[in-house]
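One letter stands for each residue in the lines below.
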Amino acid sequence: MNDDTTAAGPVRVVLADDEAMIRAGVRAILAADPGIEVVAEAGDGRAAVELVRAHRPRVALLDIRMPKLDGLAAAAEIHRLAPTTATVMLTTFGEDDHVARALGHGASGFLLKSGDPRELIAGVHAVADGGAYLSPRVARRVIELGAGRLARRPVARGRTAGLTEREREVLALVGAGLSNAEIARRLHLVEGTVKSYLTSIFTRLDVRNRVQAAILAYEAGLVDG
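Residues numbered from 1 in each chain as written. Predicted model: local features only at pLDDT ≥ 70, side-chain atom pairs only at ≥ 80, totals over all residues. Heavy atoms only, no water.

Examining the overall build of the chain
What counts, and what does not: What counts as a helix is a DSSP run of H or I of at least four residues, what counts as a strand is a run of E of at least two, and both are numbered from the N terminus. The buried label goes to any residue with under 20% of its type's maximum accessible area, the exposed label to any with over 50%, and the partly exposed label to all in between, with areas taken from a 1.4 Å probe on protein chains only. We call two residues in contact whenever any of their non-hydrogen atoms come within 4.5 Å of each other. Under the convention used here, a 1.4 Å probe and the Shrake-Rupley method define accessible areas, while residue burial counts only the protein chains that appear.
Each helix and strand counted, the chain has 11 helices and 6 strands in total. Of all 225 residues assigned to the chain, the portion counted as buried reaches 52%. Sequence separation of 24 or more characterises 67% of the internal contacts of the chain that already satisfy a separation of 6 or more. Total accessible area on the chain stands at roughly 10,200 Å², and carbon and sulfur atoms take up 53% of it.

Below, the structure is given as structure tokens:
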């Protein structure tokens, strides 16, 4: 089994979408970056899980709507079978319910199919480096779900009030999409210390992953935007 989730070199990607033209377009965008390599493609969620199991890529790009197994279920399976593979959901604008549900399946990012191609490349690199990435339009929609961002801010601030000053700084940088290595450089820490802070933050805030933490950082007003 070839496990490239931690190896140096191009970011290896498995791409899954049931529309061949979409896959071709995404592959062409990613091919423009020599630091990314699409190693396999799938037309349905079940095949995507099997390809991730076989190739152990660093990133799996998953369409939300796919036959046999949708992207949400595929992300959950990948998270269970290959936890070192980061999953990124490809979505169309307006699929709020799907985006909200995907937060609970360990997804590291959300990208719009109709977004700027540079966002796709930036998102792949961000999650490969251990960060979280939300297309700006998706991020705005997610944090506006339910009662809205301002209405949720007091609750979010209450949840983050128990964090130390340093933990709040780390959470804010997670919200800004920085990887562990970038956070370490920004705060003049070693990467292992950042991981320890994140473990504490996730436990205190009762969040499952970086995307949930990032959204909470937005809601609490720790991140501009």
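There's plenty left to go through after this.
Considering helix 8 (residues 165–175)
Of all the positions in helix 8, only Glu167, Val170, Leu171, Ala172, Leu173, Val174 and Gly175 are classed as buried. Of the residues one or two after helix 8, Gly177 is the one with positive phi, at around 90°.

Side note on the pairing of strand 3 (residues 59–63)
A regular strand places its side chains on the two faces of the sheet in alternate fashion. For clarity, the threshold we go by: When DSSP finds at least two bridges between two strands, those strands are taken to pair. Viewed with both strands pointing away, a crossover whose connecting path from the first strand over the helix to the second turns clockwise is right-handed.
The element strand 3 is largely enclosed, with a buried count of 5 among its 5 residues. Of the two faces of strand 3, both are covered, the one formed by Val59, Leu61 and Asp63 as well as the one formed by Ala60 and Leu62. Examined bridge by bridge, strand 1 (residues 11–16) and strand 3 share 4 bridges and lie parallel to one another. Bridge pairing links Ala16 to Leu62 in strand 3. As defined by bridge partners, strand 3 adjoins strand 4 (residues 86–91) across 5 bridges and the pair is classed as parallel. Looking across to strand 4, one finds that Leu62 is bridged to Met89. Regarding topology, helix 3 (residues 71–81) serves as the crossover connection from strand 3 to the parallel strand 4, and that connection is right-handed.

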